[in-house]
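Per-entry structural report
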2 protein chains.
Amino acid sequence: MQSLQEKASEWSGVATSDAFAIDETNLFESLGGNQPFIDLSTNFYTRVYDDEEEWFRSIFANSKKEDAIQNQYEFFIQRMGGPPLFSQRRGHPALIARHRPFPVTREAAERWLHHMQLALDTTSTIDPDSKIKMMNFFKHTAYFLVAGNEMTRQAQSVVCKHAASKPPS
Amino acid sequence: MQSLQEKASEWSGVATSDAFAIDETNLFESLGGNQPFIDLSTNFYTRVYDDEEEWFRSIFANSKKEDAIQNQYEFFIQRMGGPPLFSQRRGHPALIARHRPFPVTREAAERWLHHMQLALDTTSTIDPDSKIKMMNFFKHTAYFLVAGNEMTRQAQSVVCKHAASKPPS
């Protein structure tokens, strides 16, 4: 059986070594602290909450925009070499489990990446080389979550079938 | 509703600030690299695979001991300031999702922590102050996973009931 990591690489077209090139340098330090990450997440969610595609916009309908922005930039800062802001406030990232309520399909991953590419394009506080590294990480992670979503739903369906086939007690 | 983080703190008795005191210094650097983490995980799983409690030992029965050791020390090294060995090989830690196949009950968390405390006690390459920081992180994380396990199973049960109550198509 293919691992989550293998599926993420195959589906995103990004090799693991490229996805985790974000770890070759400390991006938090080289970008100069929190602000570029706050800029990026603000640009990203401003696009998302304003998306003309209702099916995608509705995924975020139950979250406040400012909370979504903070959750995202705190995770990015922590993952890219900065202080562990996300874990101090919310615990382990637990990416797959925290995305469980959402339909993380391939279409949703592509739409997420579309907005993220445009958000990066318009974030002047991030240099071009860092943008490439970050986008590779995002692509790989988006499809890692698609693979995680499929895994979770398959396991759920097996458990439900098993429960349904039990004789009444 | 209590968050995962709040449940982890309440159930473990470890405040978030103590749990993430591992981030105040770079433990990987201060301990001098990979070896103390390899020692710890080897001591830990040697106890676990030899546990007299069959119910606990059986949780690990489908994994090879050497794989369990490597998965654990690579995660610890990555989380405690070292190179991202785990992510390079397996992707995001995704702690709750990767523990989904296992019955992460409070009893299992306590037994895990019991073995980890003894494993730390017998790992001479880790200094006493680091041991306290690490144990606080482990306690909080163990109950974070208990909370995650309950969340996953509750969500599953809701979906199953929903599926079962649908009229036959």
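Everything in this summary refers to the structure shown in the same document. All values reported here derive from a predicted model rather than from experimental measurement.

**Thoughts on the overall build of chain A**
Looking only at helices and strands, chain A has 10 helices and zero strands in total. From first element to last, N terminus to C terminus, chain A shows the α and β order α-α-α-α-α-α-α-α-α-α. Dimensions along the principal axes, computed over C-alpha positions, put chain A at roughly 60 × 35 × 30 Å. The buried share of chain A, reckoned over its 169 residues, is 49%. Of the contacts made within chain A by residues no fewer than 6 positions apart, 71% connect residues no fewer than 24 positions apart. Just so you have it, chain A exposes about 8400 Å², and 52% of that area is on carbon and sulfur atoms.

**Description of helix 4 (residues 35-48) of chain A**
Residues and elements named next belong to chain A. In a regular helix each residue adds 1.5 Å, so 14 residues correspond to 20 Å; helix 4 covers 20 Å between its end C-alpha atoms and thus fits that length. For helix 4, the set of buried residues is Pro-36, Phe-37, Leu-40, Ser-41, Phe-44, Tyr-45 and Val-48. For helix 4, the arc enclosing every buried residue in end-on projection is 150°, short of the 170-degree limit, so these residues lie on one face.

**Points about the packing of aromatic side chains**
Residue and element names in this part refer to chain A. For the structure shown, the criterion picks out 28 aromatic pairs over all chains. Plain terms: the ring middles of Tyr-45 and Phe-60 are 5.9 Å apart, the flat faces sit at 70° to each other, and that makes the pair edge-to-face. Of this pair, Tyr-45 sits in helix 4 while Phe-60 sits in the loop between helix 5 (54-57) and helix 6 (65-79), and the two are 15 residues apart along the sequence. Against the face of Trp-11 rests Arg-106, its NZ or CZ located 4.0 Å from the ring centre.

**Looking at the environment of Phe-75 of chain B**
Turning to its location among the elements, Phe-75 of chain B is positioned in helix 6 (residues 65-79). Residues Phe-75 of chain B and Leu-95 of chain B, spaced 20 residues apart in sequence, show a C-alpha to C-alpha distance of 10.0 Å.

**Considering the nonpolar core**
Residue and element names in this part refer to chain B. Counting 49 residues, the largest nonpolar core has Phe-37, Leu-40, Phe-76, Met-80, Met-134 and Phe-138 as the members making the most contacts within it. Those elements giving two or more residues to this core turn out to be helix 1 (4-12), helix 3 (27-31), helix 4 (35-48), helix 6, helix 8 (95-98), helix 9 (106-121) and helix 10 (128-164). With 10 residues, the single largest contributor to this core is helix 10. In this structure Leu-40 touches Phe-76, Met-116, Ala-119, Leu-120, Thr-123, Ile-126, Met-134 and Phe-138, once residues within four positions along its chain are discounted.

**A word on the interface of chain B and chain A**
Listed as interface residues are 27 residues of chain B and, on the opposing side, 27 residues of chain A. Both sides together, the interface formed by chain B and chain A hides about 2300 Å², and carbon and sulfur atoms give 69% of it. When residues of chain B are sorted by the area they lose upon contact with chain A, His-92, Arg-100 and Gln-156 of chain B head the list and together hold 25% of the total. Linking chain B to chain A there are zero salt bridges. Taken together, the connections running from chain B to chain A amount to eight residue pairs in polar contact (both at pLDDT 80 or more). Breaking the side of chain B that touches chain A down by element, the ones donating at least two residues are helix 1, helix 7 (85-90), helix 8 and helix 10 of chain B. With eight residues, helix 10 of chain B is the single largest residue contributor to the side of chain B that touches chain A. Class assignment for the residues of the side of chain B that touches chain A results in 13 nonpolar, eight polar and six charged.

About the thresholds
- For every chain, the first residue of its written sequence is number 1, and the numbers climb from 1 along that sequence.
- Chain A is the first chain written and ligand 1 is the first ligand written, with later ones labelled in order.
- At least 70 in pLDDT is required for a residue's local features to be given in this predicted model, at least 80 for side-chain atom pairs to be given and counted, and no such filter applies to totals for whole chains, interfaces and linings, which use all residues.
- Neither water nor hydrogens contribute to the side-chain values; these are computed over all heavy atoms in the structure.
- In this text, helices come from DSSP runs of H or I with a minimum length of four residues, and strands from runs of E with a minimum of two, each type numbered from the N-terminal end.
- Three labels apply to residues, based on accessible area from a 1.4 Å probe with only protein chains included: buried if under 20% of the type maximum, exposed if over 50%, partly exposed otherwise in between.
- By definition in these notes, contact holds between two residues if any of their heavy atoms fall within 4.5 Å.
- In these tables, accessible area is a Shrake-Rupley quantity obtained with a 1.4 Å probe, and a residue counts as shielded only by the protein chains included in the view.
- In this analysis, the expected span of each helix is defined as 1.5 Å times one less than the number of residues it contains.
- The directions considered for the arc are those from the helix axis to the C-beta atoms.
- Pairing of aromatic rings covers Phe, Tyr and Trp, the last counted by its six-membered ring, and requires centre-to-centre distances within 6.5 Å; plane angles under 30 degrees mean stacked, over 60 mean edge-to-face, and any other angle means tilted.
- Placement of a positive charge over a ring is assigned whenever Lys NZ or Arg CZ falls within 6 Å of the ring centre and within 35 degrees of the normal to the ring plane.
- Nonpolar core, defined: a set of buried Ala, Val, Leu, Ile, Met, Phe, Trp, Tyr and Cys residues in which side-chain atoms within 4.5 Å join the residues together.
- The term buried area denotes the loss of accessible surface (1.4 Å probe radius) that occurs when two parts are joined, taken as the sum for both partners.
- Whenever Lys or Arg places a side-chain nitrogen within 4 Å of a carboxyl oxygen from Asp or Glu, that contact is recorded as a salt bridge.
- Two N or O atoms count as a polar contact when they lie within 3.5 Å, although within protein this holds only if one can serve as hydrogen donor and the other as acceptor, and sequence-adjacent residues are included solely when both atoms are side-chain atoms.
- The nonpolar class holds Ala, Val, Leu, Ile, Met, Phe, Trp, Tyr, Cys and Pro. Asp, Glu, Lys and Arg form the charged class, and all remaining residues, Gly among them, are polar.

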